[in-house]
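# Breakdown of the fold
So you can see what is in the structure, the chains are spelled out below.
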Amino acid sequence: MNCRSEVLEVTVEARQIDEAMLALLHTILLHRSTGKFHYKKEGTYSIGTVGTADSDCDFIDFTFVRVSSEELDRVIRKAVCEFKDGLNNSGSDGMGQISLEFYQKKKSRWPFSDECIPWEVWTIKVNVVNLANEQERQICREKVGEKLGEKVINVVEVINRNEYLPKMPTQSEVDNVFDTSLKDVQPYLYKITYQITDSLGTSVSTTMRRLIKDTLAL
Amino acid sequence: MDSDLSPQDKKDLDKFIKFFALKTVQVIVQARLGEKICTRSSSSPTGSDWFNLAIKDIPEVSHEAKKALAGQLPGIGRSMCVEISLKTSEGDSMELETWCLEMNEKCDKDIKVSYTVYNRLSVLLKSLMAITRVTPAYKLSRKQGHDYVILYRIYFGEVQLSGLGEGFQTVRVGVVGTPVGTVTLSCAYRTNLAFMSSRQFDRSAPILGIIVDHFVDPPCSSQRPAVLGQPCNYRAPDEDDGGAFAGVQDSQEVCTTSFSTSPPSQMCSSRLSYQPGALPGAAEVHPTAANAAQVLHAGKEGGVGVVPCQPHGAETHLTGEPPLNTPGSSGDDEGLSRSAEERSVSPSDPVEYLNAFTRKVGAFVNKPSTQITAANLDLPFAAFAARGLDSEGSDPMVQPPESPPSQSPLQASLHSQGSEGSGPQDDFVMVDFRPAFSKDDLLPMDLGTFYREFQNPPQLTSLSLHISSQSMADDLDSLPEKLRVYEKNIDEFDAFVDMLQ
């Protein structure tokens, strides 16, 4: 099975990085999260309810919809914050990318460890600009809002192609497909990584951070 | 062909499409209410949340949607459309967007109804939520209020896009293939937001309002004039802990939430819905209206600050004010006459008159006719001298309070001179001095007066004309005596000079 890969590019001001990343990551996760599964006898299961919440951006003229889960929001915010710090501290000219990868775990026999097989990767390329005055910032606010709107439409378009999705797992397999660590919602297994590029365009950062949601202890 | 579908699947599919249509309308209308939507996730399935999404049902919207569907389902050639338009307070209206739920002939026979179609419809609803926040009408709807409101209209049949103006854009939200056809959800939105001249669209159905204007009666029943349509209820305060359960409205309206290879289980449940917004809505509306009225009134009271700086304007404003300001203005007059009386005013000294009348007057004040300004008098630096003398004059240590004299004719003439407004000297531009955070005169001594009086330090007594003239006279008087003394002691002075040499 081929991994589906999508790339989104945005150009933002430094203070807009957080919200732009959150907007796109949450939009993707909204579509890639379900309610909690409750398995019953006879092989049936029921699904919990996913709530949604509107989030207004402070530095961008934009509102996005995210899954109503404080836990998930915290995790995503933490990752975005690390990415932003990486961008700010690297001394690069403000280019980097953050990746949201959905994967499945494939159990292997001992002594081999489980395999993580990605089935969908979203890469958001960020270009940070510095603006000179307030008027430019105001224009940037609106423009970035429009751009994010276009990106949301792109995301929706890709998702609604209804291409490969992992099969619904049995109870024993659910942790190979879904992240069951959250109390209220159940996203597909995902990880967020980022890279900062220096002015030469090569990947400098050796601190590729991985946030792996893994509930099954081996 | 429908015959390929099992009866149970067909029944399920019809139900899914019906509730998908109803939820689509709810999502669109709620996204145009003008407020942020927030619903809670729940790990335990309640059985009443279609498509595993917490989408609340506004009863009026459901009612209108069902009325438009009239028992039919969106099908080929029968689209369900939700039209969003804007209506200004002047009555002009403009279509902003049209959301279309259509069905085409492309069938997907192999797809599993109870599982795949259901989940894909769920994803499509999420996409709809995301896209409704992206189209231009969303920002407009967040700012609706007094100037304009957002209205919706649901109709069934042919899609009408002519009202969207030239150059409208289309965005496709998504498609879901089913064994009977492909469900397509899209939005056509206006890009040209220049306002059209007011004209009524020929419609058979009334335009239905979404947002209740805060200052109208709360909508609670269906007895409304058909012309206005039915404004949708303002949502009751968000009861995330469950809210009001109205019970099962329709015994067939249950949603399947369990999946497996075995048939979905039927669960009888009560549905989350809103109470008709009469009481809670009313409670919300009236306090707000009262608050707004209060705000307006307070604005008027404190509104002296917005009066243009012309004496006539000031005058009209004062007279037009509610009685609340009258004590203030009369206080001014009292203060004025008091200050006039405090000083012993000799008619021959114009500076003294200046003292008398400058207590309430400074360089930057434009007060009504009862006061004069420094510029009215023909004295160099009159303004500065007057102010200094004034503050000194009011100090009992320097000048003991004097018996109140009667008003002299000169004072009266100065009064009338002041009442002309601009005065003989137009060198000064009178700018209204409105100190920040200062309300106008409820007390004789207001903040502006305080500023003016104590802005500069008091003038040196030795520089004051009054005393200097007095001391000059004294000096002259005492001069001969001093000369006599010096002549008497001339020998001493000579000896002193010799010593220095």
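A brief look at the structure comes next. (Residues numbered from 1 in each chain as written. Chains lettered and ligands numbered in written order. Predicted model: local features only at pLDDT ≥ 70, side-chain atom pairs only at ≥ 80, totals over all residues. Heavy atoms only, no water.)

## Thoughts on the overall build of chain A
Counting secondary structure elements, chain A contains 4 helices and 11 strands. Per-residue burial for chain A yields a buried fraction of 54% across its 218 residues. Across chain A, contacts joining residues at least 24 apart in sequence account for 69% of those joining residues at least 6 apart. Just so you have it, chain A exposes about 10300 Å², and 49% of that area is on carbon and sulfur atoms. (Helix = DSSP H or I, 4+ residues; strand = E, 2+ residues; numbered from the N terminus. Buried < 20%, exposed > 50% of the residue type's maximum accessible area, 1.4 Å probe, protein only. Contact = heavy atoms within 4.5 Å. Areas by Shrake-Rupley, 256 points an atom, 1.4 Å probe, with all protein chains shown as cover.)

## As for the interface of chain A and chain B
Contact with chain A, which involves 38 residues of that partner, is made by 40 residues of chain B. Summed over both sides, the interface between chain A and chain B buries roughly 3200 Å², with carbon and sulfur atoms accounting for 53% of that surface. When the buried surface of chain A facing chain B is broken down by residue, I47, T49 and D54 of chain A rank first, second and third, together holding 19% of it. Taken together, the connections running from chain A to chain B amount to 2 salt bridges. In this assembly, chain A and chain B are joined by 18 residue pairs in polar contact (both at pLDDT 80 or more). Sorting the residues of the side of chain A that touches chain B by element identifies α1 (17-31), β4 (45-47), β5 (52-56), β6 (63-67) and α3 (134-159) of chain A as the ones contributing at least two each. Counting residues per element, the side of chain A that touches chain B draws most heavily on α3 of chain A, at 5 residues. (Buried area = accessible area lost by both parts, 1.4 Å probe. Salt bridge = Lys/Arg side-chain N within 4 Å of Asp/Glu carboxyl O. Polar contact = N/O pair within 3.5 Å; in protein donor to acceptor, adjacent residues only side chain to side chain.)

## Some thoughts on a negative patch on the surface
Judged by side-chain charge, D491, E492, D494 and D498 of chain B come together as a negatively charged surface patch. For D498 of chain B, the position within the fold is in helix α13 (residues 490-500). (Patch = residues over 30% accessible without salt bridge, like charges linked within 9 Å, V, L, I, M, F, W, Y side chains within 5 Å. Lys, Arg positive; Asp, Glu negative; His and termini not counted. Charge placed at Lys NZ, Arg CZ, Asp CG, Glu CD.)

## Quick look at the pattern of salt bridges
Residues and elements named next belong to chain A. If you walk through the whole model with that rule in mind, you get 22 salt bridges over all chains. A salt bridge links E120 to R4, with the shortest nitrogen-to-oxygen separation between them at 2.5 Å. Of the two residues, E120 sits in strand β8 (residues 115-129) while R4 sits in strand β1 (residues 4-13), which places them 116 residues apart along the sequence. R4 gets classed as buried once you look at its relative accessible area, which sits at 10%. In this structure, E71 engages K183 in a salt bridge whose closest nitrogen and oxygen atoms are separated by 3.9 Å. Of this pair, E71 sits in helix α2 (residues 70-89) while K183 sits in the loop between α4 (174-177) and β9 (185-187); the two residues are 112 residues apart in sequence, bridging distant segments of the chain.

## What to know about a nonpolar patch on the surface
All names here are of chain B. Together, M472, L476, L479, L483, V485, Y486 and F493 make up a nonpolar patch on the protein surface, roughly 700 Å² of accessible area in all. With 6 residues, helix α12 (residues 465-488) is the single largest residue contributor to the nonpolar patch. Turning to its location among the elements, M472 is positioned in helix α12.

## Concerning unusual backbone geometry
Residue and element names in this part refer to chain B. Non-glycine residue F51 carries a positive phi angle of around 60 degrees. In this fold, F51 is placed in the loop between α1 (7-31) and α2 (59-69). Positive phi outside glycine occurs at N52, with the angle close to 55 degrees. Residue placement: N52 occurs in the loop between α1 and α2.

## Some details on the packing of α1 of chain B against α2 of chain B
All names here are of chain B. One way to put it is that α1 packs onto α2 with a least axis distance of 10 Å and a crossing angle of 130 degrees. Classed by the angle they form, the pair α1 and α2 counts as oblique. When the axes of α1 and α2 are compared, the crossing they make is right-handed. In this structure, α1 contributes A21, L22, V25, Q26 and V29 to the contact, and α2 contributes V61, S62, A65, K66 and L69. Residues belonging to the contact of α1 with α2 are distributed by class as follows: 7 nonpolar, 2 polar and 1 charged. (Axes fitted to C-alpha atoms, helices over the stretch in contact; angles between N-to-C directions. Parallel < 35°, antiparallel > 145°, perpendicular 65-115°, else oblique. Left-handed = near helix turned anticlockwise from the far one by under 90°. Nonpolar A, V, L, I, M, F, W, Y, C, P; charged D, E, K, R; others polar.)

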